[in-house]
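# Fold and contact review
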Amino acid sequence: MHAAWRGRGLASQAAATVATTALGPVSDAGWGLERLELGHRANNPASGAVARAAGFIHEGTEREKFLIDGERHDVLTYGRLPSDPLPDLLPMGWSTN
């Protein structure tokens, strides 16, 4: 997210909209997926805030998973299932046309 747009909840709202659509039943214009996973570097708490706001649940830490510029970084992993509670965010409008 560009710095000028941070702090407005847009990343959380976008992630929640995509996740809710992806996990929704095909009969309701969802994609019918059964599970989503999201991971971010452990030293990026803002990404964790986005994940939690989008309804993802922290599931664990994958130690030294990412290799970036020759340095290993831990990754915090989150998951979301269709049976998880919906986030308290209004969905973004979008069109597939």
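Residues numbered from 1 in each chain as written. Predicted model: local features only at pLDDT ≥ 70, side-chain atom pairs only at ≥ 80, totals over all residues. Heavy atoms only, no water.

What the three strands build is an open sheet, ordered β1-β3-β2; its pairing is antiparallel. Where the open sheet ends on each side, the last strands, each with one partner, are β1 (36-41) and β2 (57-68). Across the sheet, the axes of successive neighbouring strands diverge by a mean angle of 30 degrees, strand direction being ignored. Here eight bridges tie β2 to strand β3 (residues 71-80), and the two strands are oriented antiparallel to one another. Residue pairing in the sheet places His58 in a bridge with Tyr78 of β3. Across the sheet, helix α1 (residues 10-23) is in contact with β1 and β3; its angle to β3 comes to roughly 55 degrees. (Pairing = 2+ DSSP bridges. Helix = DSSP H or I, 4+ residues; strand = E, 2+ residues; numbered from the N terminus. Axes fitted to C-alpha atoms, helices over the stretch in contact; angles between N-to-C directions. Contact = heavy atoms within 4.5 Å.)

The next subject is the pattern of salt bridges. A full pass over the atoms with the stated rule returns three salt bridges. Of the charged contacts, one joins Glu59 and Arg35 as a salt bridge, the two residues approaching to 2.6 Å between their closest N and O atoms. Taken together, the residues Glu59 in strand β2 and Arg35 in the loop between α1 and β1 connect sequence positions 24 residues apart. Among the residues examined, Glu59 registers a relative accessible area of 44% and is labelled partly exposed. By relative accessible area, Arg35 is classed as partly exposed at 36%. Glu62 serves as the salt-bridge partner of Lys65, at 3.3 Å between the closest nitrogen and oxygen. A relative accessible area of 43% means that Lys65 is categorised as partly exposed. (Salt bridge = Lys/Arg side-chain N within 4 Å of Asp/Glu carboxyl O. Buried < 20%, exposed > 50% of the residue type's maximum accessible area, 1.4 Å probe, protein only.)

Averaged over the protein chain, the pLDDT score is 91; the fraction of residues at 70 or greater is 95%. Taking the mean pLDDT of every element in the protein chain, the minimum, 93, falls on α1 and the maximum, 98, on β3. (pLDDT = per-residue confidence, 0-100.)

Quantified by volume, the largest pocket comes out at close to 320 Å³. Every residue lining the largest pocket is counted, 14 residues in all, and those nearest its centre are Met1, Arg6, Ala11, Ala46 and Val50. Counting residues per element, the ones that place at least two in the lining of the largest pocket are α1 and α2 (45-53). The element contributing the most residues to the lining of the largest pocket is α2, with four residues. Among the residues making up the lining of the largest pocket, the classes are represented as seven nonpolar, five polar and two charged. (1 Å grid on protein atoms, 1.4 Å probe; cavity = no way out; pocket = protein on both sides within 12 Å on 5 of 7 lines; lining within 4 Å. Points joined across faces, edges and corners; volume = space filled by probe spheres on them. Nonpolar A, V, L, I, M, F, W, Y, C, P; charged D, E, K, R; others polar.)

Ala16, Ala19, Ala22, Leu23, Leu36, Ala51, Ala54, Phe56, Leu76 and Tyr78 form the largest nonpolar core, which has 10 residues in total. Elements with a minimum of two residues in this core: α1 and β3. Of the residues forming this core, the biggest block, four residues, is contributed by α1. If near-sequence neighbours (up to four positions away) are discounted, Phe56 is found in contact with Ala19, Leu36, Glu37, Leu38, Ala51, Tyr78, Gly79 and Arg80. (Core = buried A, V, L, I, M, F, W, Y, C linked by side-chain atoms within 4.5 Å.)

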